[in-house]
Amino acid sequence: MSVKYYLIAGEASGDLHASHLITSLRREDPQAEFRFFGGDKMAAASGGCGTLVKHYRDLAYMGFIPVLRHLPTIMRNMRLCREDILSWQPDCVIFVDYAGFNLRIAKYLRRHSNLKLYYYISPKIWAWKEWRIKNFKRDIDEMFCILPFEKEFFETKHHYPVHYVGNPTASEVRDYLTLNPSSRMASSICTIALLPGSRRQEISSNLPTMLEAVTSLPPKWGEVEIVVAGAPGIEKDYYDSFLKDYPQVEIAFGRTYELLSRATAALVTSGTATLETCCFGVPQVVCYHTSPARLTRWAFDHILSCKYISLVNLIADREVVPELFADRFGVDNIRRHLTDILPGGEARQAMLEGYEDVHRRLGNDNAPANTAAIIHKLLNPTKNN
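The shown structure was predicted, so the numbers you read here are calculated from the model rather than taken from an experiment.

Calculation notes
Residues numbered from 1 in each chain as written. Predicted model: local features only at pLDDT ≥ 70, side-chain atom pairs only at ≥ 80, totals over all residues. Heavy atoms only, no water. Helix = DSSP H or I, 4+ residues; strand = E, 2+ residues; numbered from the N terminus. Contact = heavy atoms within 4.5 Å. Pairing = 2+ DSSP bridges. Axes fitted to C-alpha atoms, helices over the stretch in contact; angles between N-to-C directions. Buried < 20%, exposed > 50% of the residue type's maximum accessible area, 1.4 Å probe, protein only. Right-handed = clockwise from strand over helix to strand, strands pointing away. Phe/Tyr/Trp six-rings, centres within 6.5 Å; stacked < 30°, edge-to-face > 60°.

Caption draft 1: Examining the environment of Ala170 more closely. Mapped onto the elements of the fold, Ala170 is located in helix α8 (residues 168-179). Linking Ala170 and His159, residues 11 residues apart in sequence, is a C-alpha distance of 27 Å. In this structure, Ala170 is in contact with Cys279 and Leu362, ignoring residues within four places of it in sequence.

Here's what the structure looks like:
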């Protein structure tokens, strides 16, 4: 009898990570069946054994006003998700990050079913909304963490046992570089990658300032190639509205790893992309526009319970990459820090050495493979004895 897995991922990064988890689960259990809220990568990974119920493009709303405006749609999607899970009766439900949606579904399922509820990639409650720990203790049977410091946060501080399974981003980059060994060959062209985020709001807030900063660099680096990494689900026309005055800037869709493998430096909006950039060994400046700037800085200094916004610095537990957000975000500041990490810049070598520390802390475990093996064992205890 095949095992039935239901997965929920609400963003492009979740779709990517969940797709690798599906691939690993199929290796553990070739007869597995899948049903999911997710994206194209999950659908491809599941092959003929999976059903995409709702695409993440219909789920990802960011900010108070967009969420409020789309509240009826969000509530309909939640209702669909709850009803679909209970109707299908999977052997387990696997939540992938995306806390606002997933924790509400988990709460409902805990009250109305006896399903096994697993969480892959913990929401960042160590940064804010730490009170959500009670939701995990009440509703989630097993937590699979991908950041090394999360194990101490959950187990030591909150007495909630979790699994550290390795980091999927590090695994994915290692796999890419293994399959493309020549991708990091030296080039005479100075390539600057711009990764302005995966949501429209992030792109509109960050990309114009990034473009202004990078296109006004002095000519000392010779031929400079500027490439924007296009986000999945965002049409080219949306980017064209920002790039119309920058004909020299290219845009690449579905080729972010290829871009990072040849990039000289990068401007990156905080998120998984900062860690991807680190794993490729590309010096970066983290840029994130927030408004109002002074209020954001005050909140970060007095309300949030973490010291950094980028995964690179959080893992290293020190500032390896500059974080230009709130009152530090601006054309001049971005340009100055970018100049410092380009070839010959005074901060470039120190940053690359800091990356090595991040690699050591992450380890070499294969996160989706480890998670799949543990889940398979949990669901099939007699077969593993």
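Additional details are given in the paragraphs that follow.
Caption draft 2: Region of the structure containing the sheet that holds strand β9 (residues 224-230). Strand order in this open sheet of six strands is β10-β9-β8-β11-β12-β13, and the pairing throughout is parallel. The open sheet has two edge strands with one neighbour each: β10 (249-253) and β13 (323-325). Ignoring strand direction, the axes of neighbouring strands in this sheet form an average angle of 20°. Both strand β11 (residues 265-268) and strand β12 (residues 284-288) contribute to a ladder of three bridges, which runs parallel. Looking across to β12, one finds that Ala266 is bridged to Gln284. Sheet contacts for helix α9 (residues 200-214): β8 (190-195), β9, β10, β11 and β12; angle to β8, the most-contacted strand, approximately 160°.

Caption draft 3: Structural detail: the pairing of β11. What you see with β11 is no split at all: Ala265 and Leu267 on one side and Ala266 and Val268 on the other are buried throughout. Here four bridges tie β8 to β11, and the two strands are oriented parallel to one another. In the strand pairing of β11, Ala193 is matched with Ala266. Where the polypeptide runs from β11 across helix α12 (residues 272-279) and back to β12, its parallel neighbour, the crossover connection is right-handed.

Caption draft 4: A look at the packing of aromatic side chains. Inspection of every chain in the model, using the stated rule, returns 17 aromatic pairs. Here the aromatic rings of Tyr176 and Tyr257 are separated by 5.6 Å at their centres, their planes lie at 80°, and the arrangement is edge-to-face. Taken together, the positions of Tyr176 in helix α8 and Tyr257 in helix α11 (residues 256-262) put the pair 81 residues apart, joining distant regions of the chain. A single burial state applies to Tyr176 and to Tyr257, both of which are buried.

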